[in-house]
Amino acid sequence: MATPDLSVIIITKNEAPRIRRCLESVRFASEIIVLDSGSTDNTVAICQEYTDKVYTTDWPGFGLQKNRALEKAQGQWVLAIDADEWADEALCTEIMAAISANDSSVNAFAIPRRTKYLGYWVYHGDVGRDKVIRLFRRGQARFSEKVVHENLVVDDNRVGQLKHHLYHDSYRTIEELQERMNTYTTLSAQIRYQNGKRSSLTKAVTHAIWAFVKAYFVRGGFLDGRIGFIVAVSSAESSYYRYLKLLWLEQPKI
């Protein structure tokens, strides 16, 4: 059953192993828009099986790319979903009910997200408590124009809450984790440097330690066992390299 007023937007690049599950999960929407930034696998061909609104473009960064996709949407409501995410039947039903209610006091909905990390589901820590604002009224929200770690800015901050999870197949291998961590920490450091932020070796170390303590102890990551420890260490590494790279931009010869 189609939902007349819902557009789904997805940005892609080389997501052939995961994109079909994502697309299958959102077939209940009346419109699916895909912006691909130069896939060299069969991502585009797979997407064309589900929608005729598949576009190829350059890569300006996450925030700008998602806003480009948003500009093509026609529905009253928009669901932004990543290629490595999917909605189950319970969430789809809840989304349909939420937009059908058309509550004027709400411009967007936050959705809890359950993440699979290196093949293991994470239930605690920062990752286990993750919530993302992805369902919103078109014209009442836009993505920040950040190159990485973009967020949705909602008019009047009128955000409701859904209870069913969006599922996320995050890093599938250690190599993928390391590669993405390297990319994200570099971009984050560059943005911080451009915004006048500065770092030091002490900041890099202390932020890393606090990132681990918060993820593993304060937020209960230890309850996830071995994978909880891995997630906390990864969080610490990300923090450490973000501040170290910022320091390197400031002082190339430490």
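Scoring rules and cut-offs
Residues numbered from 1 in each chain as written. Predicted model: local features only at pLDDT ≥ 70, side-chain atom pairs only at ≥ 80, totals over all residues. Heavy atoms only, no water. Axes fitted to C-alpha atoms, helices over the stretch in contact; angles between N-to-C directions. Helix = DSSP H or I, 4+ residues; strand = E, 2+ residues; numbered from the N terminus. Parallel < 35°, antiparallel > 145°, perpendicular 65-115°, else oblique. Left-handed = near helix turned anticlockwise from the far one by under 90°. Contact = heavy atoms within 4.5 Å. Nonpolar A, V, L, I, M, F, W, Y, C, P; charged D, E, K, R; others polar. Buried < 20%, exposed > 50% of the residue type's maximum accessible area, 1.4 Å probe, protein only. Pairing = 2+ DSSP bridges. Right-handed = clockwise from strand over helix to strand, strands pointing away. Phe/Tyr/Trp six-rings, centres within 6.5 Å; stacked < 30°, edge-to-face > 60°. Lys NZ or Arg CZ within 6 Å of the ring centre and 35° of its normal. Core = buried A, V, L, I, M, F, W, Y, C linked by side-chain atoms within 4.5 Å.

**Some remarks on the packing of helix 6 (residues 174–194) against helix 8 (residues 226–250)**
Step number 1: Between helix 6 and helix 8, the shortest axis-to-axis distance is 8 Å and the interhelical angle comes to 45°. With respect to their mutual orientation, helix 6 and helix 8 come out oblique. Between helix 6 and helix 8 the crossing geometry is right-handed. Counting all contacts with helix 6, which are made through Leu 177, Met 181, Asn 182, Thr 185, Thr 186, Ser 188, Ala 189, Gln 190, Arg 192 and Tyr 193, the residues of helix 8 involved are Ser 234, Glu 237, Ser 238, Tyr 241, Arg 242, Tyr 243, Lys 245, Leu 246, Leu 249 and Glu 250.
Step number 2: Taken together, the residues that form the contact of helix 6 with helix 8 break down as eight nonpolar, seven polar and five charged.

**Brief notes about the pairing of strand 2 (residues 29–36)**
Step number 1: The buried fraction of strand 2 amounts to seven of the eight residues, a majority that puts the element mostly inside the structure.
Step number 2: By the bridge criterion, three bridges tie strand 2 to strand 3 (residues 54–56) in an arrangement that is parallel. When the bridges of strand 3 are listed, Val 34 appears paired with Val 54.
Step number 3: Handedness of the β-α-β unit built from strand 2, helix 2 (residues 43–48) and strand 3 comes out right-handed.

**Quick notes on the packing of aromatic side chains**
Step number 1: This model, assessed by the stated rule, comprises 15 aromatic pairs.
Step number 2: With a centroid separation of 4.8 Å and 90° between ring planes, the pair formed by Trp 59 and Phe 62 is classed as edge-to-face.
Step number 3: Among the aromatic side chains, those forming a connected cluster through ring pairs are Phe 212, Tyr 216, Phe 217, Phe 222 and Phe 229.
Step number 4: Across the ring face of Trp 86, the terminal group of Arg 21 is positioned such that the distance to the ring centre comes to 3.7 Å.
Step number 5: One Lys or Arg, Lys 72, reaches over the ring of Tyr 55 and ends 4.2 Å from the middle of that ring.

**Quick look at the nonpolar core**
Step number 1: Of all hydrophobic cores here, the largest spans 34 residues; its most connected members are Leu 6, Ile 10 and Leu 135.
Step number 2: Elements supplying a minimum of two residues to this core: strand 1 (3–12), helix 1 (16–25), strand 2, helix 2, strand 4 (77–80), helix 4 (89–101), strand 6 (108–117) and strand 8 (131–137).
Step number 3: For this core, the leading source of residues is helix 4, giving six residues.
Step number 4: Once residues lying within four places of it in the same chain are set aside, the contact partners of Leu 6 are Phe 28, Ala 29, Ser 30, Glu 31, Trp 77, Val 78, Leu 79, Ile 95, Ile 99 and Leu 135.
Step number 5: One finds Leu 35, Ala 73, Ala 108 and Ala 141 within the second-largest nonpolar core, a separate group that totals 15 residues.

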